[in-house]
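Structural description and commentary
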Amino acid sequence: MLEDSHTARTELSELGEFGLINRLTSDVGTIHPSTIKGIGDDAAVLENGDLLTLVSTDLLIEGIHFDMAFTPLKHLGYKAAVVNFSDIYAMNGSPRQLFVGISVSNRFSAEALDELYAGIKLACKHYHVDLAGGDTTASPHGLFLALTVTGTVDKSKVVYRNTAQPGNLVCVTGDLGAAYTGLLMLEREKQVFLANPDMQPDLEGHDYIIGRQLKPEARGDVIRKLEEAGILPTAMIDISDGLASEILHICHDSNTGCRLYEEKIPIDPMTVATAEEFNISPVTAALNGGEDYELLFTISMNDYEKIRQLTDVSVIGHITAADEGCNLVTGDNVLVEITAQGFDHMNRGAIKG
Ligand code: ADP
Ligand code: MG
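Residues numbered from 1 in each chain as written. Chains lettered and ligands numbered in written order. Predicted model: local features only at pLDDT ≥ 70, side-chain atom pairs only at ≥ 80, totals over all residues. Heavy atoms only, no water.

It is worth spelling out the overall build of the chain at this point. Helix and strand counts for the chain stand at ten helices and 13 strands. In terms of C-alpha radius of gyration, the chain reaches 21 Å, essentially the compact-globule figure of 20 Å for 353 residues. Each of the three principal axes of the chain carries a C-alpha extent, and together these read 55 × 55 × 50 Å. Per-residue burial for the chain yields a buried fraction of 47% across its 353 residues. Partitioning the intrachain contacts of the chain with sequence separation of at least 6 by distance along the chain shows that 83% fall at a separation of at least 24. With the model as given, the accessible surface of the chain reaches about 17,400 Å², and the carbon-plus-sulfur share is 52%. Averaging the coordinates of the 25 positive side-chain charges in the chain and doing the same for the 51 negative ones gives two points 4 Å apart. (Helix = DSSP H or I, 4+ residues; strand = E, 2+ residues; numbered from the N terminus. Rg over C-alpha atoms; globule rule 2.2 N^0.38 Å. Buried < 20%, exposed > 50% of the residue type's maximum accessible area, 1.4 Å probe, protein only. Contact = heavy atoms within 4.5 Å. Areas by Shrake-Rupley, 256 points an atom, 1.4 Å probe, with all protein chains shown as cover. Lys, Arg positive; Asp, Glu negative; His and termini not counted. Charge placed at Lys NZ, Arg CZ, Asp CG, Glu CD.)

If you want it as structure tokens, here you go:
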């Protein structure tokens, strides 16, 4: 018999997602030399001849990660695939094969699942990935998706999260906070609809942020541009949980601090307007909103002239020594410690009040 060593009960909400992962995996090592990186980055890194193989997995659960009331199934399929590809780009790799596990209740018709797959297939076509397998089971209720993606990267080009150095510049692609404000809009219109089913959703003029929530793209285009410009990031992560949470991952894992400048954080005007409509600061949406799937990376100061030439990349601060802490310089020139309230799915109420 295996003994159960735990008699006390700890609530998952006390740990949060990262506390739980840490608790479950902090004593896990690796046996095989071919496991170059196990737990602890956007993807596992495995030896594969001259190349490295990357593997990443993501779960999407109805009612937690998506709401069938406003998520068209084709969009859901597309997004489920793209968020996986994003983790491969975050290692500086290229996605290659996708495996789709699906657990579904008889509430869904075959036609509905055709739509889901149309989205998955479209993403695979767009990102040049083969749908190479999966698994299908019944579910008592709801829809669960478990996607695994593999990718490849040259041995000399893999980029981890734990290798940022003091003096490096901190860069981010695209703009932040849009997917979260898009979600706020969709949730508000759902409530209006539930109260009065005759009301049509009023999403006009919000196409950009709604699109960012329902149909995100992974930044393979930036990975290619960096390569062409001869820039190899010193560390990289994708932004699934908000800028604050991700920069803290880089700094914590690299044993550094950072200084970011609020005024340099790229935020689209529509995100600003919508955040203000919901009485939250746009910077809070960028720092703590989730699901932008942009890339956050650090580069050597020597690459500053090169990075300046790239459109769609913003330099937002620099890496410091660990003892300087992780801070944000506000528009009023006040230093504020960065804390991760994160878009933590185990504690989603946290940023929505
Ligand atoms: P990301 O947000 O980039 O998808 P996560 O924060 O989900 O990454 O995961 C961080 C690391 O922890 C990854 O290496 C992931 O494989 C690992 N991990 C997450 N959940 C588990 C689990 N239940 N068991 C083992 N490893 C896990
Ligand atoms: Mg990631």
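Here the focus is the coordination of the magnesium ion (ligand 2). The reference angle at a metal is 109.5 degrees if four donors form a tetrahedron and 90 or 180 degrees if six donors form an octahedron. Looking at the magnesium ion (ligand 2), one finds its protein donor set to be Asp42 (OD), Asp87 (OD) and Asp238 (OD), positioned 2.0 to 2.1 Å from the metal centre. As a motif over one chain, the donors of the magnesium ion (ligand 2) read D-x44-D-x150-D. Pair noted here: Asp42 is in the loop between strand E1 (35-37) and strand E2 (44-48) and Asp238 is in strand E8 (residues 235-238), with a separation of 196 residues, a long-range link. (Donors = N, O, S within 2.8 Å, 3.2 Å for Na, K, Ca; no water.)

This paragraph deals with the pattern of salt bridges. As enumerated under the stated definition, the model contains 19 salt bridges in all. Among the ionic contacts, a cluster of salt bridges with common partners joins Arg212, Arg219, Asp221, Asp292, Glu294 and Asp312. (Salt bridge = Lys/Arg side-chain N within 4 Å of Asp/Glu carboxyl O.)

Backbone hydrogen bonds hold the strands of a sheet together, and the pairing may be parallel or antiparallel. Taking strand neighbours across the sheet as the criterion, the seven strands line up as E8-E10-E7-E11-E9-E12-E13 in an open arrangement whose pairing is mixed. Only two strands of the sheet have a single neighbouring strand rather than two, namely E8 and strand E13 (335-337). Taken pair by pair, the neighbouring strands of this sheet meet at an average axis angle of 25 degrees, ignoring direction. Relative to strand E10 (residues 295-299), E8 is paired through four bridges, and the arrangement is antiparallel. For Asp238, the partnering residue across the bridge sits in E10 and is Leu295. (Pairing = 2+ DSSP bridges. Axes fitted to C-alpha atoms, helices over the stretch in contact; angles between N-to-C directions.)

Pairing between strand E7 (residues 169-173) and strand E11 (residues 313-321): five bridges, direction antiparallel. The partner of Thr173 across the bridge, within E11, is Val313.

Moving on, we get to the domain arrangement of the chain. When cut into domains, the chain gives domain 1 (33-154) and domain 2 (169-337). Between the C-alpha centres of domain 1 and domain 2 there is a distance of 22 Å. Facing the 22 residues of domain 1 at the interface are 21 residues of domain 2. Here domain 1 meets domain 2 over a buried area of about 1,900 Å², counting both sides, of which 59% is carbon and sulfur. In this assembly, domain 1 and domain 2 are joined by two salt bridges. Ionic pairing is found between Glu291 and Lys79, a salt bridge with its closest N-O pair at 3.1 Å. Applying the counting rule to domain 1 against domain 2 returns seven residue pairs in polar contact (both at pLDDT 80 or more). Broken down by element, the residue count for the side of domain 1 that touches domain 2 peaks at nine residues, all from helix H2 (residues 73-89). Across the side of domain 1 that touches domain 2, the residue classes tally to ten nonpolar, seven polar and five charged. (Domains from an automatic or database assignment. Buried area = accessible area lost by both parts, 1.4 Å probe. Polar contact = N/O pair within 3.5 Å; in protein donor to acceptor, adjacent residues only side chain to side chain. Nonpolar A, V, L, I, M, F, W, Y, C, P; charged D, E, K, R; others polar.)

Relative to strand E3 (residues 51-61), E2 runs antiparallel, the two sharing five bridges. Within the sheet, the bridge partner assigned to Ala44 lies in E3 and is Val55. The antiparallel hairpin formed by E2 and E3 contains two residues in its connecting segment, where Gly49 sits at a positive phi of about 65 degrees. Across eleven bridges, E3 lies against strand E6 (residues 143-154) in antiparallel orientation. Across the sheet, Val55 pairs through a bridge with Thr150, a residue of E6.

Near ligand 1, the surroundings consist of Glu17, Phe18, Ile21, Thr25, Ile39, Gly40, Asp41, Asp42, Asp58, Asp87, Arg161 and Ser240. A distance of 3.2 Å separates an oxygen atom of ligand 1 from a polar atom in the backbone of Asp41. Here an oxygen atom of ligand 1 and a side-chain polar atom of Asp87 are 3.1 Å apart. When the free accessible area of ligand 1 is taken as 560 Å², the share hidden by the protein chains comes to 64%. When its residues are assigned to classes, the shell around ligand 1 shows three nonpolar, three polar and six charged. (Near = heavy atom within 4 Å.)

Let's shift gears to the side chain of Thr150. Along the chain, Thr150 turns up in strand E6. Residue classification places Thr150 among the buried residues on the basis of a relative accessible area of 13%. Of note is the side chain of Thr150, whose polar atom sits 2.6 Å from the side chain of Gln97. Beyond its immediate stretch of four places on either side in the chain, Thr150 contacts Leu54, Val55, Ile88, Ser94, Pro95, Arg96, Gln97 and Phe99.

In this structure, Asn168 sits in the loop between E6 and E7. On the basis of relative accessibility, which here comes to 6%, the residue Asn168 falls in the buried class.

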